[in-house]
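A closer look at the structure
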Amino acid sequence: KEPDELAKWWKERKLKLVETVRLPTWSAQAERVDVASEAGVTITTWRLRIGEAWTVPLVEFAPANPIGTTLLFGEKGRTKLADDVQSQLAEQRRVVAIDPWYWGESKVANKDWLWALMLSTIGDRPIGVQAGQINAIARWSQAEHGNGPVRIVAHGPRASLVGLISAATETQAIGKVTTIDAPASLKDVLKGN
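Residues numbered from 1 in each chain as written. Predicted model: local features only at pLDDT ≥ 70, side-chain atom pairs only at ≥ 80, totals over all residues. Heavy atoms only, no water.

Turning to the environment of Pro 3, a few remarks are in order. Position of Pro 3 relative to the elements: it lies in helix α1 (residues 3–21). Relative accessible area serves as the criterion here: at 60%, Pro 3 is assigned to the exposed category. Separated by 113 residues in sequence, Pro 3 and Ala 116 have C-alpha atoms that sit 40 Å apart. (Helix = DSSP H or I, 4+ residues; strand = E, 2+ residues; numbered from the N terminus. Buried < 20%, exposed > 50% of the residue type's maximum accessible area, 1.4 Å probe, protein only.)

Pasting the structure below:
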């Protein structure tokens with residue numbers, strides 16, 4: 001395809017993706033909760049208000065003079081991602097570890113599937129809510145820290161899909177995505193039920 005045709009094709013697909021997942025466009029307001037330092041790394045705990053209804057917990061690990069920022073999340077929660085935090089810090093990258101809705105600290109304890117159904121009754125999609133939160137956090141992080149677009153590292157099949165949706169729809173604030181334990185294709189999701 002010619003470059004203009006390709007750009008038009010991509011724009012149409014991106015709009016279709018936004019429509020399908022009902023992706024909200026939110027902003028994030030940050031409240032610093034705590035700051036500590038350990039082994040040359042500044043550890044900052046934040047509470048981010050996303051849009052009007054959501055709050056996302058976030059822990060930032062910043063080495064001296066970071067060269068970029070990595071947004072890290074997974075289905076089991078940010079507390080299970082210590083090895084990834086260490087590997088990103090070894091690359092001199094700031095790490096922003098989050099628990100979007102439905103995972104980690106933001107997981108609903110009992111009958112969590114009912115909350116997903118409730119969201120659907122008002123026209124939202126759980127995957128859209130998560131991608132919207134991640135996009136808002138990526139924009140906030142880029143504005144707060146600079147260093148260009150953030151890198152995403154997503155753990156788990158669902159988190160990987162959310163990370164890919166975020167990267168496809170927020171091309172200014174997200175520059176690269178690494179998925180871990182992602183399905184090879186969405187067909188795998190249907191085949192595996």
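Further notes follow.
Moving on, we get to the packing of α1 against helix α5 (residues 157–169). Where α1 contacts α5, the axes come no closer than 10 Å and their chain directions differ by 130 degrees. Classified by the angle between their axes, α1 and α5 sit oblique to one another. You can see that α1 and α5 cross each other, and the crossing is left-handed. Contacts between α1 and α5 involve Trp 10, Lys 14, Leu 17, Val 18 and Val 21 from the first element and Ile 165, Ala 168 and Thr 169 from the second. Counted by class, the contact of α1 with α5 contains 6 nonpolar, 1 polar and 1 charged residues. (Axes fitted to C-alpha atoms, helices over the stretch in contact; angles between N-to-C directions. Parallel < 35°, antiparallel > 145°, perpendicular 65-115°, else oblique. Left-handed = near helix turned anticlockwise from the far one by under 90°. Contact = heavy atoms within 4.5 Å. Nonpolar A, V, L, I, M, F, W, Y, C, P; charged D, E, K, R; others polar.)

Right, let's get into the sheet that holds strand β6 (residues 150–155). Here 7 strands make up an open sheet; going across it, the order is β1-β2-β3-β5-β4-β6-β7 and the pairing mixed. Every other strand in the sheet has two partners, leaving β1 (28–38) and β7 (174–180) as the edge strands with one partner each. Taken pair by pair, the neighbouring strands of this sheet meet at an average axis angle of 20 degrees, ignoring direction. Pairing analysis gives 10 bridges linking β1 to strand β2 (residues 41–50), with the strands arranged antiparallel. The partner of Glu 38 across the bridge, within β2, is Val 41. (Pairing = 2+ DSSP bridges.)

Quick look at the packing of aromatic side chains now. Under the defined criterion, the tally for this structure stands at 4 aromatic pairs. Between Trp 101 and Tyr 102, the aromatic rings sit 4.5 Å apart at their centres with planes inclined by 45 degrees, giving tilted as the arrangement. Given a relative accessible area of 7%, Trp 101 falls into the buried group. Here the guanidinium or amino end of Lys 107 rests over the ring plane of Tyr 102, the centre of that ring lying 5.9 Å away. (Phe/Tyr/Trp six-rings, centres within 6.5 Å; stacked < 30°, edge-to-face > 60°. Lys NZ or Arg CZ within 6 Å of the ring centre and 35° of its normal.)

Here we come to the nonpolar core. By size, the foremost hydrophobic cluster in this structure holds 35 residues, and its most contacted members are Ile 50, Ile 98 and Ile 137. Listed by contribution, the elements that provide at least two residues to this core are β2, β3 (54–62), β4 (68–74), β5 (93–98), α3 (112–121), α4 (126–145), β6 and α5. The element that contributes the greatest number of residues to this core is α4, accounting for 7 residues. Membership of the second largest hydrophobic core comes to 10 residues, among which are Val 85, Leu 89, Ala 97 and Val 153. (Core = buried A, V, L, I, M, F, W, Y, C linked by side-chain atoms within 4.5 Å.)

For α3, the set of buried residues is Asp 112, Ala 116 and Leu 119. The arc that holds every buried residue of α3, seen down its axis, measures 60 degrees, which confines them to one face. For α3, the elements touching its buried residues are β3 and α4. Remark: Gly 123 follows α3 within two positions and exhibits a positive phi of approximately 95 degrees. (Arc of directions from axis to C-beta.)

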